[in-house]
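Reading the structure
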Amino acid sequence: MSDPVLRTENLTKRFGGLTATDNLSLSLRGGRLQAVIGPNGAGKTTFFNLISGLLKPDSGRVFFRDRDITGLRPHEISRLGIKRTMQIKSVFNQISVMENLWITRQASQRFLHPFRPASRDRATRERVEQVLEQIGMTALAHRIAGTLSYGDVAMLEIGMALISEPKLLLLDEPICGMSPAETERAVAKIRELARQVDIVIIEHDMEVVFGLADDITVLAQGAILATGSPEEISNHERVREAYLGRPEDEDYLEEAADA
Amino acid sequence: MIVFAAFLLTVPWTIPALINDFWVSVIAEILIWSLFAASTNLLFGYVGLLSFGQALFFGFGMYGVGIGIDQLGLSFWPAFGLGVAAAMAMALVSGIFAVRLTWHYFAIITVVFSLIFYFLAVSMKWLTGGDDGINFTLPPTFSFGATQWSFADPNFQYFFILAAVALCFYLMHLVIGSPLGKAFMAVRENDVRASLIGLNVYLLRLTAFVMAGFLAGVAGALFAFFGRYASATYMFYHVSGEGLVWTIVGGAGTLFGPIVGTTLFIIIREVVSTHWEHHSLIVGTMAILVVIFAPKGLVGLWRDILDRAMAPRAERAVSTEVRTEP
């Protein structure tokens, strides 16, 4: 259980003169809900992009359960069981909720049948209905995804990440932009999911992070500032200094990042 | 739908009775060009790739037939096969490069491919006949002993084209509803998300490109038999542009949109061009109006009207709200 589910070695990514992740070596243990926090521009989303293959690192390596996945393409990484949600919510906007889930489920098959009707696949139908229920969206199954509320889109995205039985779930600010009620629902859902699958979550809302996470990694300017349990982090002097001691205002956070 | 099918099946008798024989071949031509527009539609309407290069594959279909019969002495079916195979091979080769790109870069590279092969076809006189093209004598399609069927018989020609086009549309219908077709739509909607759910976006785009090459190739081969010649004129990207306009006006992303658009414009061309040489002004005006007022094309507009007529009053507000979303 203590084997790392995700490990990076000296991971570096630069955008022009900006170093987004700087020689990042971290190791995230499985079976625990891992959170990555840090001020804006700390390199959190870049870190996710490097893992999921949307970006290629300038140097360094990424290991998923001791398998080197550096440089694999996004769909190859996805097929290994690493699924993610995006900070800017990303679903298939012009088709229904159900079709979104349907396509996602069928995408995990090696062979896409070119002539048989997609709707005739009973196993997929059952799984789609199961996930609709799980994310509480059965009533919205036939709504066009682009017309959903922001919170529902976020929930759908989580459903899409779930439907193919992932081994590792990367959630990039899953509750950003949600109403308090939606947040509560999402947090409960994430906590429930964490019992079945390894989760790494990026989140800005400190209350949520400290309520959810077993381990927290704090990034600042592309490097690790601290790792530890929520208690250790909240008592960590440099983290408090850089981050937590100030009011949770974006401007202050940015100042802290620049300091 | 049934009325439409019944009409198509009785064209060789009803049309000469109502108008004249000439319109039977116009309808055959509409069918062929509808198939060509369907190839543009498969790429633009279902995978989100704006191709200005479909004429290239149409041209390869034509030349495959023309060169096959005229220079290699092939009979009907091998020549047909050669045309379609040549179109698909060309689609594969150009697709390997083109589908790495998207949007305007993709559109530009398809134009470039089209231009390169257009000028090659014009200059390689020994193979393609240059500007004059290739005229060939029709081989029979089927022959059993002394009885032969060939395109020389207008009825046979019409029904052969109808059957081939219907078969292609049926295949496209199957593909659209299949897991593969759903994956195409996922790529169209959001390619980043598509890759994150495990779809190989590059391979899917290439598959669609080759399938579109098949449709355009069949259309080109049919058109070669229909016109008894092959010419580089039909390889020019201007022809691709026409297919695109027919598709968009008819309704991109709908199976029958290309048929509607093609029918409309070819009828306009045939009727108006005898009286007025600037008939393309009408085409242009209509295209602009449709793009502005019915972005889903005429088929999309028709469906919206049907939905609105069917929807009970209470739901009407909701359904219009849904439709105005991008």
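The shown structure was predicted, so the numbers you read here are calculated from the model rather than taken from an experiment.

All names here are of chain A. What the six strands build is an open sheet, ordered E6-E7-E8-E3-E9-E10; its pairing is mixed. The open sheet terminates on both sides in strands that have one partner only, identified here as strand E6 (82–84) and strand E10 (223–228). The average angle at which neighbouring strand axes cross in this sheet is 20°, direction not considered. Of the strand pairs in this sheet, strand E3 (residues 34–37) and strand E9 (residues 215–220) are connected by four bridges, and their pairing is parallel. Its bridge partner lying in E9, alanine 35 is registered against isoleucine 216. Of the strands in this sheet, E3, E6, strand E7 (168–172), strand E8 (198–202) and E9 are in contact with helix H1 (residues 44–52), which crosses E7 at around 145°.

The next thing to look at is unusual backbone geometry. All names here are of chain A. Although it is not a glycine, arginine 65 adopts a positive phi angle of roughly 50°. By the element assignment, arginine 65 lies in the loop between strand E4 (59–64) and strand E5 (67–68). For aspartate 66, which is not glycine, the phi torsion reads 70° and is therefore positive. One can find aspartate 66 in the loop between E4 and E5.

Ranked by size, the top nonpolar core spans 166 residues in total, and within it Ile32, Leu35, Ala87, Ala183, Leu215 and Ala219 of chain B carry the most contacts. Per-element tally for this core: the top contributor is helix H10 (residues 201–227) of chain B, with 17 residues. Counting contributing residues per domain, this core is built from domain 1 (1–81 + 168–230 + 245–259) and domain 2 (90–165) of chain A, each supplying no fewer than three. Once residues within four sequence positions are removed from consideration, leucine 215 of chain B is found in contact with Leu35, Ala38, Ser39, Leu42 and Cys168 of chain B.

We now examine the pairing of E9 of chain A. Residue and element names in this part refer to chain A. Burial analysis of E9 places five of its six residues in the buried class, the great majority of the element. Across five bridges, E9 lies against E10 in antiparallel orientation. Each residue of the ladder has a partner; that of isoleucine 216, found in E10, is glycine 228. With antiparallel pairing between neighbouring strands as the criterion, E9 and E10 make up a hairpin whose turn holds two residues, including glutamine 221 at a positive phi of roughly 50°.

Another aspect to go through is the pairing of E4 of chain A. Residues and elements named next belong to chain A. In this structure, strand E1 (residues 4–15) lies alongside E4, joined through five bridges in antiparallel fashion. In the sheet register, threonine 8 faces E4, and the bridge partner there is valine 62. In terms of strand pairing, E4 meets E5 through two bridges, oriented antiparallel. Across the sheet, phenylalanine 64 pairs through a bridge with arginine 67, a residue of E5. The antiparallel pairing of E4 with E5 creates a hairpin that spans two residues between the two strands, and arginine 65 there sits at a positive phi of about 50°.

Residue and element names in this part refer to chain B. The end-to-end C-alpha distance of helix H7 (residues 154–177) is 35 Å, a good match for the 34 Å that 24 residues give at a rise of 1.5 Å each. Within H7, burial applies to Gln157, Tyr158, Phe160, Ile161, Val165, Cys168, Met172, Val175 and Ile176. Elements that come into contact with the buried residues of H7 comprise helix H1 (2–18), helix H2 (22–47), helix H8 (179–189) and H10.

This next bit is on the interface of chain A and chain B. With 30 residues of chain A at the contact, the number on the chain B side is 23 residues. Those elements that place two or more of their residues in the side of chain A that touches chain B are helix H2 (74–79) and helix H3 (97–107) of chain A. A per-element tally of the side of chain A that touches chain B places H3 of chain A first, with five residues. Classifying every residue of the side of chain A that touches chain B gives 14 nonpolar, 13 polar and three charged.

Another aspect to go through is the confidence of the model for chain B. All names here are of chain B. Chain-level statistics for chain B give a pLDDT mean of 86 and a share of 95% at 70 or above. Per-element averaging of pLDDT across chain B places helix H15 (residues 313–324) at the bottom with 45 and H10 at the top with 94. This model gives residues 314–326 a pLDDT under 50, and the stretch forms 11 contacts once residues within four places in sequence are excluded. Scoring the predicted complex yields pTM 0.85 and, for the interface, ipTM 0.82.

Thresholds, definitions, all that
Counting restarts for each chain: residues are numbered from 1 in the order of the written sequence. Written order decides the labels, with chains lettered from A and ligands numbered from 1. Local features in this predicted model are restricted to residues whose pLDDT is 70 or higher, and side-chain atom pairs enter the listing and the counts only when it is 80 or higher, whereas totals over whole chains, interfaces and linings include all residues. Any two strands between which DSSP finds at least two bridges are classified as paired. A run of DSSP states H or I qualifies as a helix once it reaches four residues; a run of E qualifies as a strand once it reaches two. Both are numbered from the N-terminal end. Axes here mean lines fitted to C-alpha atoms, for a helix over just the part in contact, with angles spanning 0 to 180 degrees between N-to-C directions. The contact criterion used here is simple: two residues whose C-beta atoms, placed from the backbone, lie within 7 Å are in contact. We define a nonpolar core as a collection of buried residues of the types Ala, Val, Leu, Ile, Met, Phe, Trp, Tyr and Cys that are connected via C-beta atoms lying within 7 Å of each other. The exposure label follows from counting other C-beta atoms within 10 Å of a residue's C-beta, where the C-beta atoms are placed from the backbone and the thresholds are 20 or more for buried and 12 or fewer for exposed, leaving partly exposed in between. Residue ranges for the domains originate in an automatic or database domain assignment. Helices are assigned an expected span. That span is 1.5 Å times one less than the residue count. Each residue gets one of three labels, nonpolar for Ala, Val, Leu, Ile, Met, Phe, Trp, Tyr, Cys and Pro, charged for Asp, Glu, Lys and Arg, and polar for the others, Gly among them. For every residue, the pLDDT score states the predictor's confidence, bounded by 0 at the bottom and 100 at the top.

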